[in-house]
Amino acid sequence: MSVHIEAKKDQIAETILLPGDPMRAKWIADTFLKDAFLYNDVRGMLGFTGTYKGKRISVQGTGMGIPSTLIYCHELITEYGVKNLIRVGSAGSYQKEVHIRDIVIAMAASTNSGLNTIRFNGADFAPTASFELFQKAIEIAKQKNIPVKAGGILSSDEFYADDFDSYQKWADYGVLCVEMETSGLYTIAAKHQVNALSILTISDNLVTKERTTADEREQTFREMIEIALELAL
Ligand SMILES: O=P(O)(O)O[C@H]1O[C@H](CO)[C@@H](O)[C@H]1O
Ligand SMILES: O=c1cc[nH]c(=O)[nH]1
């Protein structure tokens with residue numbers, strides 16, 4: 001048992017899927033995992049372990065934003081020995097050609113969070129995906145005939161920016177989309193020399209103002225989860 005996770009030491013698998021939304025964790029466990037059991041409901045941040053195609057795998061909600069996500073990732077890595085952390089999240093597109101329902105695999109994550117300037121005394125650190133997981137995810141997507149886009153993303157500390165158009169600067173530099181966790185995830189994975197990858201589904205587009213419906217989100221989230229689960233095998 002750690003501060004925020006009530007699982008016993010051996011109840012969490014080496015590979016874990018990390019949605020922000022704990023109810024998405026439940027949906028993943030109910031839909032894809034066999035013999036899944038709940039190992040955590042402290043603060044309602046649900047965590048499950050089960051099997052997928054015979055392989056033990058866990059799924060844990062992280063909450064929204066870098067601080068919440070780092071609490072769970074830190075405890076999962078240092079107290080439960082988790083080695084492969086795969087975020088499965090939603091994101092807002094910054095580019096006209098990155099459409100709703102598209103899947104984006106984050107190669108690197110810029111941020112406006114103070115996390116790394118604090119850690120590195122004012123200098124920047126470049127949080128990047130595990131090459132091994134990234135390469136495997138691209139192969140899996142190809143085999144499954146699921147189109148994906150890959151590139152840089154932004155992990156923002158705010159969902160509602162004061163100046164809506166401030167996203168344009170990131171867009172000009174080729175950043176594909178915005179979410180709120182990956183930069184923290186890639187940083188903590190680097191610190192502990194474990195593997196991390198973020199697979200995201202575009203839920204809305206800031207340029208065209210398109211949005212997915214709940215049904216559409218479920219359909220495309222399914223493809224993102226399938227890629228993530230195959231990564232565990
Ligand atoms: O869908 P999830 O994984 O929660 O991710 C995105 O959605 C939340 C904002 O609505 C933030 O956590 C953002 O990163
Ligand atoms: O626009 C969006 C959509 C999902 N997640 C975010 O952080 N922003």
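Counting restarts for each chain: residues are numbered from 1 in the order of the written sequence. Naming scheme: in the order in which they are written, chains are lettered from A and ligands are numbered from 1. Side-chain atom pairs in this predicted model are given and counted only at pLDDT of 80 or more, local residue features only at pLDDT of at least 70, and totals for whole chains, interfaces and linings cover all residues. Excluding hydrogens and water, the side-chain values take into account all heavy atoms of the structure.

Taking an unreviewed UniProt entry as the reference, the protein chain is identified by name as Uridine phosphorylase belonging to Polaribacter gangjinensis. UniProt positions are given in the numbering used here, feature names are shortened, and annotations may be inferred rather than shown by experiment. Per UniProt, the comment on the protein chain under Catalytic activity (unreviewed entry) is "uridine + phosphate = alpha-D-ribose 1-phosphate + uracil". The UniProt entry for the protein chain carries the following text under Sequence similarities (unreviewed entry): "Belongs to the PNP/UDP phosphorylase family."

To continue, consider the pairing of strand 1 (residues 15–18). Every second residue of strand 1 is oriented toward a common face, with Thr 15 and Leu 17 on one face and Ile 16 and Leu 18 on the other, all of them buried. Both strand 1 and strand 5 (residues 84–93) contribute to a ladder of four bridges, which runs parallel. Paired with Leu 17 across the two strands is Ile 86, which belongs to strand 5. When a residue's accessible area, from a 1.4 Å probe over protein chains only, is under 20% of the maximum for its type it is buried; when over 50% it is exposed; and in between it is partly exposed. Secondary structure elements are defined from DSSP: runs of H or I of at least 4 residues count as helices, runs of E of at least 2 residues count as strands, and each element is numbered from the N terminus. The pairing criterion is simple: DSSP has to find at least two bridges between the two strands.

Time to look at the side chain of Thr 15. Along the polypeptide, Thr 15 turns up in strand 1. The term polar contact refers here to a pair of N or O atoms within 3.5 Å; inside protein, the definition further demands a hydrogen-donor-capable atom paired with an acceptor-capable atom, and it admits residues adjacent in sequence only when both atoms are side-chain atoms. A polar atom in the side chain of Thr 15 sits 3.0 Å from the side chain of Asn 84. Among all residues touching Thr 15, those that are not within four sequence positions of it are Ile 57, Ser 58, Asn 84, Ile 86 and Ala 232. In this description, contact between two residues means that some pair of their heavy atoms is separated by no more than 4.5 Å.

With that settled, consider the site of ligand 2. Neighbouring ligand 2 are the residues Ser 90, Ala 91, Gly 92, Phe 159, Val 178, Glu 179, Met 180, Ser 203, Asp 204 and Leu 206. Separating an oxygen atom of ligand 2 from a side-chain N or O atom of Asp 204 is a distance of 3.2 Å. For every accessible area listed, the method is Shrake-Rupley and the probe measures 1.4 Å; residues are considered covered only by the protein chains on display. For ligand 2, the protein covers 86% of the area, taking 240 Å² as the surface of the free molecule. Mapped onto the shell around ligand 2, the elements with two or more residues apiece are strand 5, strand 8 (177–179) and strand 9 (195–205). Here the shell around ligand 2 gets three residues from one element, more than from any other, and that element is strand 5. Here the residues of the shell around ligand 2 sort into five nonpolar, three polar and two charged. By convention in these notes, a residue is near a molecule or strand provided one of its non-hydrogen atoms lies within 4 Å of it. Each residue is assigned to one of three groups, with Ala, Val, Leu, Ile, Met, Phe, Trp, Tyr, Cys and Pro labelled nonpolar, Asp, Glu, Lys and Arg labelled charged, and all others, Gly among them, labelled polar.

Within the protein chain, residue pLDDT values average 95, and 99% of them lie at 70 or more. At the level of chain-chain contacts, confidence expressed as ipTM amounts to 0.97, with global pTM at 0.97. The predictor rates its confidence in each residue with pLDDT, a number between 0 and 100.

On to unusual backbone geometry. The phi torsion at Lys 53 lies on the positive side, around 50°, for a residue other than glycine. Note on placement: Lys 53 falls in the loop between strand 3 (47–52) and strand 4 (55–60). Its relative accessible area of 60% is what places Lys 53 among the exposed residues. Positive phi, close to 80°, is recorded for Arg 101, a residue that is not glycine. Mapped onto the elements, Arg 101 comes out in the loop between strand 5 and strand 6 (103–111).

Our focus in this paragraph is the site of ligand 1. Close to ligand 1 lie Gly 20, Asp 21, Arg 24, Met 64, Arg 87, Gly 89, Ser 90, Phe 159, Glu 179, Met 180 and Glu 181. A distance of 2.7 Å separates an oxygen atom of ligand 1 from a polar side-chain atom of Ser 90. Between an oxygen atom of ligand 1 and a main-chain N or O atom of Met 180, the distance comes to 2.9 Å. Protein chains bury 86% of the 340 Å² of accessible surface belonging to ligand 1 in isolation. Assessed atom by atom at 2 Å from the grid points, ligand 1 resides in the largest pocket. Among the elements that line the shell around ligand 1, the one with the most residues is strand 5, at three residues. Broken down by class, the residue content of the shell around ligand 1 amounts to three nonpolar, three polar and five charged. Here a cavity means grid points, on a 1 Å grid over the protein atoms only, where a 1.4 Å probe fits yet cannot get out; a pocket means an open set of points with protein on both sides within 12 Å along at least five of seven lines; lining residues are those with an atom within 4 Å of a point. Throughout, a molecule is located in a cavity or pocket provided that more than half of its atoms lie within 2 Å of its grid points.

Let's shift gears to helix 2 (residues 66–80). One less than the residue count of a helix, multiplied by 1.5 Å, gives the span that helix is expected to have. For helix 2, built from 15 residues, the straight-helix expectation of 21 Å at 1.5 Å per residue is met to within 8% by its first-to-last C-alpha distance of 20 Å. Residues Ile 66, Thr 69, Leu 70, Tyr 72, Cys 73, Glu 75, Leu 76, Ile 77 and Tyr 80 constitute the buried set of helix 2. At the exit of helix 2 stands Gly 81, carrying a positive phi of roughly 70°.

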